[in-house]
Amino acid sequence: MTRTLITNDDGIDAPGLHALAQAARTAGLDVTVAAPMRQSSGTSASIVAAEEDGRIAIEQRRLPGLDGVPAFAVRGGPGLVALIAAHGAFGDPAELVLSGVNHGANVGRAILHSGTVGAALTGGLNGAWGVAISLDVGMNPTEFHWDAAAAAALDILPFVLERPRGTVVNLNAPNAPTNRGIVEASLAPFGIVQTTLTERDAGHIRLAVEDLPNTPEPGSDAAYLAEGWVTLTGLDPVSHVPLGFARVEASARPSR
């Protein structure tokens, strides 16, 4: 069985986390759950933690419907959880990191800020397959189809596990019991919401999140998701971009 870490950025008590863990266990994966003690959205791949004397607090938990599944609450974000898991904090390092199911879509280049995606990327950097899973609940949801998103993630696993270790993908599912299927998509230039500054004075500021007014770029993850597709996007955890800079020896630099 594939050793699998289930984590998220919504916290250890989030229903999306529980649905994903249950689906993974039913699929025959060797599941361990480790997630932040509290809501950690927007933490990206941060490894900042609440420490006391250099130690990170970890509590073992029993999760509803997951009897026999090791579960841990960590006083830190999902990137940290994935990192310490890779170093054996919860037993043998995971071969697969499943992060989600997130409360809200993670599409476009704004995924840079997502803790859900950050955990999957951290898993990939440490030699695991990484899958970030999110549910497009919108701004005012009245129901949540966590199981449909979890099922879509399990559907693409055979494809992901055929690829090299370190492969990371981002999956988004519509908030519906059914969908049009799964399609590979590029990242939209932005996300599907925007952050605005609503209040500012000398001592504080206030931010708000609202829907973007523009139509998503055709062929992007945001566009396909709006059309009822589950979107799948491959991510490169860390890469460099050649700049074409010619080496300059220290002796050749002009003095100031």
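What counts, and where the lines are drawn
Each chain has its residues counted from 1, following the order in which its sequence is written. Predicted model: local features are reported for residues with pLDDT of at least 70 only, side-chain atom pairs are reported and counted for 80 or more only, and whole-chain, interface and lining totals are derived from all residues. Where side-chain values are given, they derive from all heavy atoms of the structure, hydrogens and water being excluded. Each residue gets one of three labels from its accessible area relative to the maximum for its type: buried under 20%, exposed over 50%, partly exposed in between, using a 1.4 Å probe on protein chains only. Strands are runs of DSSP state E lasting at least 2 residues, helices are runs of H or I lasting at least 4, and numbering of each runs from the N terminus. By this definition, two strands are paired if DSSP reports at least two bridges between them. A fitted line through C-alpha atoms represents every axis, and for helices the fit uses only the stretch in contact; the resulting angles, taken between N-to-C directions, go from 0 to 180 degrees. Orientation labels follow simple angle bins: below 35 degrees gives roughly parallel, above 145 gives roughly antiparallel, 65 to 115 gives roughly perpendicular, and whatever is left gives oblique. A crossing counts as left-handed when the near helix is turned anticlockwise from the far one by less than a right angle, and as right-handed when that turn is clockwise. The contact criterion used is simple: two residues touch if any of their non-hydrogen atoms lie within 4.5 Å. Polar contact criterion, stated in full: a pair of N or O atoms within 3.5 Å, where within protein one must be able to donate a hydrogen and the other to accept it, and residues adjacent in sequence count only if both atoms are side-chain atoms.

Colleague: What am I meant to see in the pairing of strand 13 (residues 230-235) here?
Modeller: Successive residues of a regular strand alternate their side chains across the two faces of the sheet. With 5 of 6 residues buried, strand 13 lies mostly within the body of the structure. Strand direction decides the pairing type here: strand 9 (residues 168-174) and strand 13, joined by 5 bridges, are antiparallel. The partner of V169 across the bridge, within strand 13, is G234. In this structure, strand 10 (residues 182-184) lies alongside strand 13, joined through 3 bridges in parallel fashion. Pairing of I182 across the sheet is with V230, part of strand 13.

Colleague: Explain the packing of helix 2 (residues 78-86) against helix 3 (residues 115-125) to me, please; I cannot follow it from the model alone.
Modeller: Helix-helix packing is characterised by the crossing angle of the two axes and by the distance between the axes. Closest axis-to-axis distance for the helix 2/helix 3 pair is 7 Å, and the angle between their directions is 20 degrees. The angle between helix 2 and helix 3 places the two elements in the roughly parallel class. Our pair here, helix 2 against helix 3, has a crossing hand that is right-handed. The segment helix 2 lies against helix 3, with P78, G79, A82 and L83 engaging G115, A119, T122 and G123.

Colleague: Before we go on, may I ask you to explain the side chain of N102 in this structure?
Modeller: Among the secondary structure elements, N102 is positioned in strand 7 (residues 96-103). The class of N102 is buried, set by a relative accessible area of 6%. Within polar-contact distance, the side chain of N102 engages the backbone oxygen of G104 at 2.8 Å. Among the polar contacts made by the side chain of N102, one reaches the side chain of T116 at a distance of 3.0 Å.

Interpretation note: all reported values are geometric properties and have no functional meaning in isolation.
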